[in-house]
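Results of the structural survey
Spelled out from the first residue to the last, the chains are:
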Amino acid sequence: AIVISSVAAAIVLSVGIWAALTYIDFGSKQVNPATERALENASVCVFGGYKFEVTLKDNPFKGLDSRIWPEKWVFGTDGEGHLINENTGLLLKDDRLHLYRGDVLPFSFTGTAFFISESGELGTNRHIAVPWEYQKSKYEADIKNLITRYVTTQKEILSYLRSTDTDGFEARLARAQSCISTIEISGSMSFFGIGLTGSKVEKVSDLLPAQVIAESGDPKKDVALIRLNNPNTPSHSVEMGAVYDLSQARVDETQLKPQQEDLTIIGYPAGAAIGYSTFDGKELRPTLHKASISKMPDENEFQIQTVAIGGQSGSPVIDKNHRLVGILYAGIDGMEVTYCCNIKHLVELYNKNRIRQ
């Protein structure tokens, strides 16, 4: 009886220790970035500009002089949201064609990213890395309209093909005019870089230039890895510990409990507009604010109770011990409903694409 009692007591004690180890959070010591100053410097403001690049799968005039019929159609804007074909200078406004003689500008955007290594590597959203993938549906009809209208206005020029292709020209012209040809829309960055906390960005040359290293390729996993062209995190950021420790990230989203987590978001809502709203507009400064989880996470995302606005995309979401939990990626206008991608997707992407020391 004595032996049995002793064994039973040992089992009870072991279960108690296991329960304590499982449910008590021993991670009370903050990981990097450990201080509020380091948190501010770990987040950066992303500035970018892109243009759409369009090709026709079934190109009716393939091989024609590129000055008349581009192999790749490039589309930008006049800065007021109107679409311009860079190849031809045609602008679509109020459903009418205009010949635009000014500079064809890229579509500009801002966002947030955060340092995750000393090698100039940062985490952000996929829709920051390949923004055209998220905007092309908005412009697809206008892009097709511009190409079709161009064919109509240039019919006389294109018609010189009649002399060498009398049988096929009319059919090809009809295909182009009706946009039977399927278009493929992609894009490229005209400029892409970051503004550090405390910096002043007035022109593109003030940015630290960066490039996209990898993105998930999955809209449900809104994460991307970017890197400074000079692959070194600024020394002052490294010295103050303004680099997130991905090895401490909370990759198990099942452990995140609604209303039981004190979370912080560090980013650039409205980009430079709010980033310069203090310090007499001389220094970029991120906004830090608190939030709580408002719904159980699923495989890809969790919902937090806060209002998010453009520019905050890519903001790190951390717990009270400064461990990464997620990346803010979307919000519903005017509501305290905001979504974050689970941090495990960035960790997975980083492990496959990081700089190897």
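Residues numbered from 1 in each chain as written. Predicted model: local features only at pLDDT ≥ 70, side-chain atom pairs only at ≥ 80, totals over all residues. Heavy atoms only, no water.

1. Looking at the sheet that holds strand E12 (residues 287–291)
Strand-to-strand pairing in sheets goes through backbone hydrogen bonds, with the strands running parallel or antiparallel. As summarised here, the arrangement of the seven strands in space is E12-E11-E15-E16-E17-E14-E13, forming an open sheet in which the pairing is antiparallel. Each end of this open sheet is capped by a strand with a single partner; those strands are E12 and strand E13 (293–295). Put simply, the sheet's adjacent strands are angled 40 degrees from each other on average, direction ignored. Taken together, the three bridges between strand E15 (residues 316–318) and strand E16 (residues 324–331) define a ladder with antiparallel strand orientation. Bridged to isoleucine 318 within E16 is leucine 324. Contacts between helix H9 (residues 343–353) and the sheet are confined to E16 and strand E17 (338–342), with E17 contributing the most and set at about 40 degrees to the helix. (Pairing = 2+ DSSP bridges. Helix = DSSP H or I, 4+ residues; strand = E, 2+ residues; numbered from the N terminus. Axes fitted to C-alpha atoms, helices over the stretch in contact; angles between N-to-C directions. Contact = heavy atoms within 4.5 Å.)

2. Quick notes on the pattern of salt bridges
The final tally for this structure, using the stated rule, is 17 salt bridges. Notably, a salt bridge pairs lysine 72 with glutamate 53, separated by 3.6 Å at the nearest N-O pair. With a gap of 19 residues between them, lysine 72 in the loop between strand E1 (43–56) and strand E2 (73–77) and glutamate 53 in strand E1 connect regions that are remote in the sequence. Salt bridges here are not isolated pairs; linked through shared partners, they connect Arg250, Glu261, Asp319 and Arg323. (Salt bridge = Lys/Arg side-chain N within 4 Å of Asp/Glu carboxyl O.)

3. Observations regarding the environment of isoleucine 116
Examined against the element boundaries, isoleucine 116 turns out to sit in the loop between strand E6 (107–115) and strand E7 (121–124). If we ignore the near neighbours within four places in the chain, the residues touching isoleucine 116 are Glu121, Leu122, Gly123, Leu225, Val243, Tyr244, Leu246 and Tyr350.

4. Here's the deal with the packing of helix H4 (residues 132–153) against helix H6 (residues 169–177)
With their axes 8 Å apart at the nearest point, H4 and H6 run at an angle of 140 degrees to one another. Between H4 and H6, the angle is such that the two are oblique. Residues Thr148, Val151 and Thr152 of H4 pack against Leu173, Ala176 and Gln177 of H6. Looking at side-chain class alone, the contact of H4 with H6 contains three nonpolar, three polar and no charged residues. (Parallel < 35°, antiparallel > 145°, perpendicular 65-115°, else oblique. Nonpolar A, V, L, I, M, F, W, Y, C, P; charged D, E, K, R; others polar.)

5. Describing the packing of aromatic side chains
Applying the stated rule across the entire model yields 13 aromatic pairs. Where tyrosine 50 meets tryptophan 132, the ring centres are 6.0 Å apart and the plane angle is 55 degrees; that geometry is what we call tilted. One end of the pair, tyrosine 50, is in strand E1; the other, tryptophan 132, is in helix H4, and 82 residues separate them in sequence. Pair check on accessibility: tyrosine 50 and tryptophan 132 agree, each one buried. Where tryptophan 69 meets tyrosine 150, the ring centres are 6.4 Å apart and the plane angle is 40 degrees; that geometry is what we call tilted. (Phe/Tyr/Trp six-rings, centres within 6.5 Å; stacked < 30°, edge-to-face > 60°. Buried < 20%, exposed > 50% of the residue type's maximum accessible area, 1.4 Å probe, protein only.)

6. Description of the nonpolar core
Formed by 41 residues in total, the largest nonpolar core has its most connected members in Phe52, Trp69, Phe75 and Ile143. For this core, the secondary-structure elements that each account for two or more residues are E1, E2, strand E4 (90–93), E6, H4, H6, strand E8 (183–195) and strand E10 (224–228). Setting aside its immediate chain neighbours within four residues, phenylalanine 52 contacts Trp73, Val74, Phe75, Phe107, Trp132, Gln135, Lys136, Tyr139, Ile143, Ile185, Ser186 and Gly187. Met240, Tyr244, Ile343 and Leu346 belong to the second largest nonpolar core, which has 23 residues in total. (Core = buried A, V, L, I, M, F, W, Y, C linked by side-chain atoms within 4.5 Å.)

7. Side note on the state of the cysteines
Scanning all chains against the criterion turns up zero disulfides. Cysteine 341 provides the cysteine sulfur closest to cysteine 340, a residue in no disulfide bond, and the two sulfurs are 9.0 Å apart. On the basis of relative accessibility, which here comes to 1%, the residue cysteine 341 falls in the buried class. (Disulfide = S-S within 2.5 Å.)

8. What to know about the environment of proline 234
When you line up the elements, proline 234 lands in the loop between E10 and helix H7 (235–239). In this structure, the C-alpha to C-alpha distance between proline 234 and glycine 120, residues 114 residues apart in sequence, is 7.7 Å. Leave out the neighbours within four places in its chain, and proline 234 touches Phe115, Leu196, Leu208 and Leu228.

9. A few points about the environment of threonine 233
Mapped onto the fold, threonine 233 is located in the loop between E10 and H7. Through-space distance from the C-alpha of threonine 233 to that of phenylalanine 115 is 7.6 Å; in sequence the pair is 118 residues apart. Ignoring sequence-local partners within four residues, the contact set of threonine 233 consists of Phe115, Ser117, Glu118, Ser119, Gly120, Glu121, Val238 and Val243. At 2.6 Å, the side chain of threonine 233 forms a polar contact with the backbone oxygen of serine 117. A distance of 3.0 Å separates a polar atom in the side chain of threonine 233 from the backbone nitrogen of glycine 120. (Polar contact = N/O pair within 3.5 Å; in protein donor to acceptor, adjacent residues only side chain to side chain.)

Read these as geometric descriptors, not functional statements.
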